[in-house]
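Structural description and commentary
Below are the chains, spelled out letter by letter.
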Amino acid sequence: MLRPYSANAGRALRMLAVLQFLVTLTGAVCMIVAAVRHEEWRGGLAILSAVALAAAANECELFWLVFCDPDYDEPELLPILSILAGGVAAAVINRGTVLPGLRAVFRNRRAPILAWGLLGVSLLPNIAKAKWLWQVAIPGIEGTHNLRECAAEVVQFLGDLFLLNWAVLFLKDKYRRFARRTGPLNALLYEHPMVEIGRGTRRVAYKLGDTGLCVKFYRLPEEAAKMKSSVRRDVKWRRFNKHRNSCSAEVHIYNVIRHTMPAEIKRMLPEVCERVYHPRWGWGVIETYYTNPDGTAVIPYDKELRRQHDPAVIREIYRQASHVLDLLIANAALFHEPGNIHVMFKGDGSLEMRIVDFEPESKTLIPLELVWPWYRRRKLRRKAARFLASIRRRYNIPERDDAALPPEGA
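Residues numbered from 1 in each chain as written. Predicted model: local features only at pLDDT ≥ 70, side-chain atom pairs only at ≥ 80, totals over all residues. Heavy atoms only, no water.

**A short note on the overall build of the chain**
Worth spelling out the cut-off: The helix count covers DSSP runs of H or I at least four residues long, the strand count covers runs of E at least two residues long, and both are numbered beginning at the N terminus. The rule is simple: take the accessible area with a 1.4 Å probe, protein chains only, and divide by the maximum for that residue type; under 20% is buried, over 50% is exposed, in between is partly exposed.
Per the secondary structure count, the chain includes 16 helices and eight strands. The proportion of buried residues among the 410 residues of the chain is 46%.

Put into structure tokens, the structure is as follows:
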């Protein structure tokens, strides 16, 4: 509610309100520019931008009165709530980048300026207009209401200046888009043609020239219209998010298995598995490209069984795949899909198993298996038992008599 002031004081406060609006709005624009330039921080910066815009709207009380009843005490409330709702919506759309964006803000070397600015617009104005404090500082003083209100406005304006200073310096630090941390193999994306060799609901695999490597990315942005709306939204917020991108997360799972599993499992892993980044397609994974002697790419064992007609080969594929699952279960590996084991034939006609597809997520609401090895073994054991049972029924493979899957208490 606006309070009566003298003509000069009222004019000064209105000018100060205009300055506060311009300062806060400029800071918000700096945050918006930073959010546009950094997809990986967009969610967190969107929230901060909305807060700054709401603060700017709060300084326009006289402007909002034009659209409201003159007796309405808080005409700025609806615009503020609308701006904050927009910021929340932007954060939801870019939901994997909220925490990275906030971490980037508070880990920035300008964080002390931000802290002083936040104090200047929140705590310090309330201290500046505390009546008891003025009475302690100037004993016997009376009628300090307008003076205290002016002091609070000045302190808040100083806080706004601190926040503007921080926003400008933060944008200066982060304006340049830093190169993503990738290895030397990233340059191969631009030096060799990519030929599509496989396609899934979300991702596409490409053979990378004659390098003996392949690369996986999410489907191209222009193919989004062909996806389901839920899949399209999921891919959109994962594509440039290093921590939520499935291709990027596969590399993490690969490194965990490579450093924690026994040698027999390590031998099945690809020799190469690294993150790569493309400015249009986002994060991807580059791996060793395994082929059979006839030049065809290796495929999962359940698909390989469909094109085999020799019962001996079918039983051997089943035996080796079940043995790999035994090892993964016994060692509590971060392996969620029992079908993600590929068959590679050798030149002498023998075959071996390869693990070239690392499902990075468990697809459960509360992923206990990520932190609880016993539960991880139990869950994979049950999934593997169902998967192998379906294969035995389909291809008339006898029940195993070698106690292949470890018992429940293992």
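**A look at the sheet that holds strand β8 (residues 351–354)**
The cut-off we apply is this: Whether two strands pair depends on DSSP finding at least two bridges between them.
One open sheet accounts for three strands, arranged β6-β7-β8; its pairing is antiparallel. Each edge of the sheet is formed by a strand with only one pairing partner; in this case those strands are β6 (299–300) and β8. Pairing between strand β7 (residues 342–345) and β8: four bridges, direction antiparallel. Each residue of the ladder has a partner; that of Met344, found in β8, is Glu352.

**Things to note about the packing of helix α2 (residues 42–58) against helix α5 (residues 98–106)**
Our working definition: Axis definition: a line fitted to C-alpha atoms, limited for helices to the stretch in contact. Angles are taken between N-to-C directions and run from 0 to 180 degrees. Note on angle classes: values under 35 degrees are labelled roughly parallel, values over 145 roughly antiparallel, values of 65 to 115 roughly perpendicular, and the remainder oblique. Note on contacts: a residue pair is in contact if any heavy atoms of the two residues lie within 4.5 Å.
With their axes 5 Å apart at the nearest point, α2 and α5 run at an angle of 65° to one another. As judged from the angle between their axes, α2 and α5 are roughly perpendicular. Packed against α2, whose contacting residues are Gly43, Gly44, Leu45, Ile47 and Leu48, the element α5 presents Val98, Gly101, Leu102 and Val105 at the interface.

**Section: helix α16 (residues 373–395)**
The test is simple: To estimate the expected span of a helix, count its residues, drop one, and scale the result by 1.5 Å.
Given a rise of 1.5 Å per residue, 23 residues ought to cover 33 Å, and the 32 Å separating the end C-alpha atoms of α16 matches this to within 8%. Phi for Asn396, located one or two positions after α16, is positive at around 55°.

**Considerations on α2**
Here α2 spans 24 Å end to end across 17 residues, near enough to the 24 Å set by a 1.5 Å rise per residue. For α2, the full list of buried residues reads Gly43, Gly44, Leu45, Ala46, Ser49, Ala50, Ala52, Ala54, Ala56 and Ala57.

**With respect to a positive patch on the surface**
Selection rule: Residues forming no salt bridge and having over 30% relative accessible area are the ones grouped into patches, like charges within 9 Å of each other and nonpolar side chains (Val, Leu, Ile, Met, Phe, Trp, Tyr) within 5 Å. Here the open area of atoms and residues is found with the Shrake-Rupley method and a 1.4 Å probe, where only the protein chains shown may cover a residue. Within this document, salt bridges are pairs made up of a side-chain nitrogen of Lys or Arg and a carboxyl oxygen of Asp or Glu, the two lying within 4 Å of each other. Counting rule for charge: Lys and Arg are taken as positive, Asp and Glu as negative, and neither His nor the chain ends is counted. The location of each charge is read from NZ of Lys, CZ of Arg, CG of Asp or CD of Glu.
A cluster of basic residues, Lys303, Arg306, Arg393 and Arg394, forms a positive patch at the surface. For the positive patch, the secondary structure elements donating two or more residues are α14 (301–306) and α16. Among the secondary structure elements, Arg306 is positioned in helix α14. Of the residues examined, Arg306 reaches a relative accessible area of 54% and is grouped as exposed.

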